[in-house]
Amino acid sequence: LCLQVPELEKATVRIRQPERVRGIIQSLREQGVAKLQVISDFDMTLSRFGCNGRRCPTSHNILDTSRVISEDGKKKLKDLLHYYYPIEIDPNRTLEEKRPLMVEWWTKAHELLVQQKIHKGDIAQIVRESEAMLRYGHRDFFDQLHENNIPLFIFSAGVGDILEEIIRQANVFYSNVNVVSNYMDFNDDGVLTHFRGPLIHTYNKNNTVLQGTGYFQQLSTRTSIILLGDSMGDLTMADGVPSVENILKIGFLNDKVEERRGKYLDSYDIVLESDETLDVVNGILRYILTE
């Protein structure tokens, strides 16, 4: 397979069942472009986890640390992060334990943000001033999908307004890109009043929050899927797809690599450890898309 997709030889790549993965990639290629769709998480999957030894911000972080948030607000949001993030990534807690705690975290964070009277008109500047970074190779990724009319569904527990702005400022917000995320609602004066429901957190990225959107139904012929995520919660993102024939799950293992490796290798077909690029994804896409 490395002959066709040389990127799979990178030192960051781990695959537990190479034969199985080879079979899936072959099938994706045989089924062809017309049957393919890509479903991806955003924060730490399409965006970078770190740069030069420093953490890159998520869409929530960008807002939480921006100049429009008071010092008191920043402190409270940071306290929430320090309390709940270790729970989110704890490999020893069950999803059942984590889910209500994630709802608690997101709800508290959104309430704090609403108190800050954020203006819609400030969002583009907030993103411009942030250290938001998409992964290396993002242009190649978005361009390949757009040029081949392959739908890209971004399913994010982040802040939709912020992540859309990041993609827009990178000049890759094409017509084939659809986003489902937590969006802000503003009043007539452009001031944030609340977040639109349903609440999307790390561990409910599945059909329950997509009901009524009809997104996957419209794509019922797109039965080949490449799924990209960085958490256990991302594995359910394709649950709403009516009839999946082939699915290739690629997981970015960004943090606590040693202790979480086993779980990721059990769950994802390809695991990319501390890899800040989209090289492997782009290589697989190139192979699938070449005649």
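The rules behind these values
- In this convention, every chain numbers its residues from 1, walking through the sequence in written order.
- Where totals are concerned, whole chains, interfaces and linings use all residues; where local detail is concerned, this predicted model gives features only for residues with pLDDT of at least 70, and gives and counts side-chain atom pairs only at 80 or more.
- Working from all heavy atoms in the structure, the side-chain values ignore hydrogens and water.
- Helix and strand definitions here come from DSSP, where helices need a minimum of 4 consecutive H or I residues and strands a minimum of 2 consecutive E residues; each element is numbered from the N-terminal end.
- Radius of gyration: over C-alpha atoms. The globule rule applied is 2.2 Å multiplied by the number of residues raised to the 0.38 power.
- Three exposure classes are used, based on accessible area relative to the maximum for each residue type with a 1.4 Å probe and protein chains only: buried under 20%, partly exposed in between, and exposed over 50%.
- All accessibility values rest on the Shrake-Rupley procedure with a 1.4 Å probe; residue burial counts only the protein chains present in the view.
- Charge convention: Lys and Arg are scored as positive, Asp and Glu as negative, and His as well as the terminal groups of each chain are ignored.
- All charge positions are set by atom: Lys at NZ, Arg at CZ, Asp at CG, Glu at CD.
- Note on aromatic pairs: the rings of Phe, Tyr and Trp (six-membered ring only in Trp) are paired at centre separations within 6.5 Å, and the planes decide the class, stacked below 30 degrees, edge-to-face beyond 60, tilted for the rest.
- Lysine NZ or arginine CZ positioned within 6 Å of the ring centre and within 35 degrees of the ring normal marks a charge as sitting over the ring.
- A pair of strands is treated as paired once DSSP finds two or more bridges between them.
- Contacts: residue pairs with any heavy atoms within 4.5 Å of one another.
- Between N-to-C directions, angles span 0 to 180 degrees; the directions come from axes that are lines fitted to C-alpha atoms, helices contributing only their stretch in contact.
- Orientation labels follow simple angle bins: below 35 degrees gives roughly parallel, above 145 gives roughly antiparallel, 65 to 115 gives roughly perpendicular, and whatever is left gives oblique.
- Left-handed is the label given to a crossing in which the near helix is rotated counterclockwise from the far helix by less than a right angle, and right-handed is the label when the rotation is clockwise.
- Every crossover in which the path from the first strand over the helix to the second runs clockwise, viewed with the strands pointing away from the viewer, is termed right-handed.
- The salt bridge criterion pairs a side-chain nitrogen of Lys or Arg with a carboxyl oxygen of Asp or Glu, the two atoms within 4 Å.
- Just so you know, the domain bounds were taken from an automatic or database domain assignment.
- Note on definitions: buried area is the accessible-area loss of two parts on being combined, 1.4 Å probe, summed for both.
- Any N or O atom pair separated by 3.5 Å or less is treated as a polar contact, with the protein-specific requirement of one donor-capable and one acceptor-capable atom, and with residues adjacent in sequence counted only for side-chain atom pairs.
- Think of it as three bins: nonpolar holds Ala, Val, Leu, Ile, Met, Phe, Trp, Tyr, Cys and Pro, charged holds Asp, Glu, Lys and Arg, and polar takes everything else, Gly as well.

S.K.: Please set out the overall build of the chain residue by residue, giving values where relevant.
M.R.: Helix and strand counts for the chain come out as 10 helices and 11 strands. Relative to a compact globule of 291 residues, whose C-alpha radius of gyration would be 19 Å, the chain shows 19 Å and is just as compact. Summarising its shape, the C-alpha atoms of the chain cover approximately 55 × 40 × 35 Å along the three principal directions. Sorting the 291 residues of the chain into buried and exposed places 57% on the buried side. When the accessible surface of the chain is totalled, it reaches about 13100 Å², and 48% of it is carbon and sulfur. Positive and negative side-chain charges in the chain, numbering 34 and 42 respectively, have mean positions lying 2 Å apart.

S.K.: With reference to specific residues and values, describe the packing of aromatic side chains.
M.R.: Each aromatic ring pair is summarised here by two numbers: the centre-to-centre distance and the angle between the ring planes. Counting across every chain of the model gives 9 aromatic pairs. Here the aromatic rings of Y83 and Y84 are separated by 4.7 Å at their centres, their planes lie at 90 degrees, and the arrangement is edge-to-face. With a centroid separation of 5.0 Å and an interplanar angle of 70 degrees, the aromatic rings of W105 and W106 are classed as edge-to-face. Each member of the pair, W105 as well as W106, is classed as buried. Taken together, the aromatic side chains of Y83, Y84, W105 and W106 make up a single cluster linked through ring pairs. The residue whose ring lies beneath R135 is F252, and the NZ or CZ to ring-centre distance is 4.0 Å.

S.K.: Provide a residue-level description of the sheet that holds strand β6 (residues 177-182), including the pertinent values.
M.R.: Within a beta sheet, neighbouring strands are joined by backbone hydrogen bonds and run either parallel or antiparallel to one another. As summarised here, the arrangement of the 7 strands in space is β1-β11-β10-β9-β2-β5-β6, forming an open sheet in which the pairing is mixed. For this open sheet the edge positions go to β1 (13-14) and β6, each flanked by a neighbour on one side alone. Both strand β2 (residues 36-40) and strand β5 (residues 152-159) contribute to a ladder of 3 bridges, which runs parallel. Residue pairing across strands places S40 opposite I154, the latter belonging to β5. In this fold helix α6 (residues 138-147) packs onto β2, β5, β6 and β9 (224-229), with an angle of close to 135 degrees to the strand it touches most, β5.

S.K.: Please set out the packing of helix α3 (residues 71-89) against helix α4 (residues 95-115) residue by residue, giving values where relevant.
M.R.: Between α3 and α4, whose axes approach to 10 Å, the crossing angle comes to 160 degrees. When the axis of α3 is compared with that of α4, the two are roughly antiparallel. Handedness of the crossing formed by α3 with α4: left-handed. Between α3 and α4, the residues in contact are K76, L77, L80, L81, Y84, Y85, I87, E88 and I89 and K98, L101, M102, E104, W105, W106, K108, A109, L112 and L113, respectively.

S.K.: Got a sec to walk through the pairing of β5? Specific residues and values, please.
M.R.: Taking burial as the measure, the 8 residues of β5 include 8 buried ones, the bulk of the element. In the classification by handedness, the crossover that spans β5, the intervening helix α7 (residues 160-169) and the parallel β6 is right-handed.

S.K.: Hey, could you go over the pattern of salt bridges for me, with residue numbers and the actual values?
M.R.: Side-chain pairing between opposite charges can occur once the charged atoms of the two side chains come close. Taken as a whole, this structure holds 27 salt bridges when the rule is applied. R20 is the salt-bridge partner of D269, the closest N and O atoms lying 2.5 Å from each other. Residue D269 is located in the loop between α9 (257-267) and β11 (270-273), and its partner R20 is located in helix α1 (residues 18-31); the two are separated by 249 residues in the primary sequence. Using a relative accessible area of 9% as the deciding quantity, one classes D269 as buried. Looking at R20, the relative accessible area reads 42%, which means it is partly exposed. Of the charged contacts in the structure, one is a salt bridge between E245 and K35, with a shortest N-O distance of 3.1 Å. Separated by 210 residues along the polypeptide, E245 in the loop between β9 and β10 (246-253) and K35 in the loop between α1 and β2 bring together distant segments of the chain. Exposure remark for K35: the relative accessible area of 27% places this residue in the partly exposed category.

S.K.: Lay out the domain arrangement of the chain in plain terms, naming residues and giving numbers.
M.R.: By domain assignment, the chain separates into domain 1 (6-51 + 133-289) and domain 2 (54-129). Put simply, the middle of domain 1 and the middle of domain 2, counted by C-alpha atoms, are 21 Å apart. Across the contact, 36 residues belong to domain 1 and 31 residues belong to domain 2. Of the roughly 3100 Å² buried at the junction of domain 1 and domain 2 (both faces included), carbon and sulfur atoms supply 67%. Remark: the boundary between domain 1 and domain 2 carries 1 salt bridge. One salt bridge connects D255 with R55, and the closest N-O pair in it is separated by 3.9 Å. Taken together, domain 1 and domain 2 are joined by 15 residue pairs in polar contact (both at pLDDT 80 or more). Looking at the side of domain 1 that touches domain 2, the elements that each hand over two or more residues are β3 (50-51), β5, α7, β7 (184-186), β8 (192-195) and α9. Broken down by element, the residue count for the side of domain 1 that touches domain 2 peaks at 6 residues, all from α7. Of the residues contributing to the side of domain 1 that touches domain 2, the split by class is 17 nonpolar, 9 polar and 10 charged.

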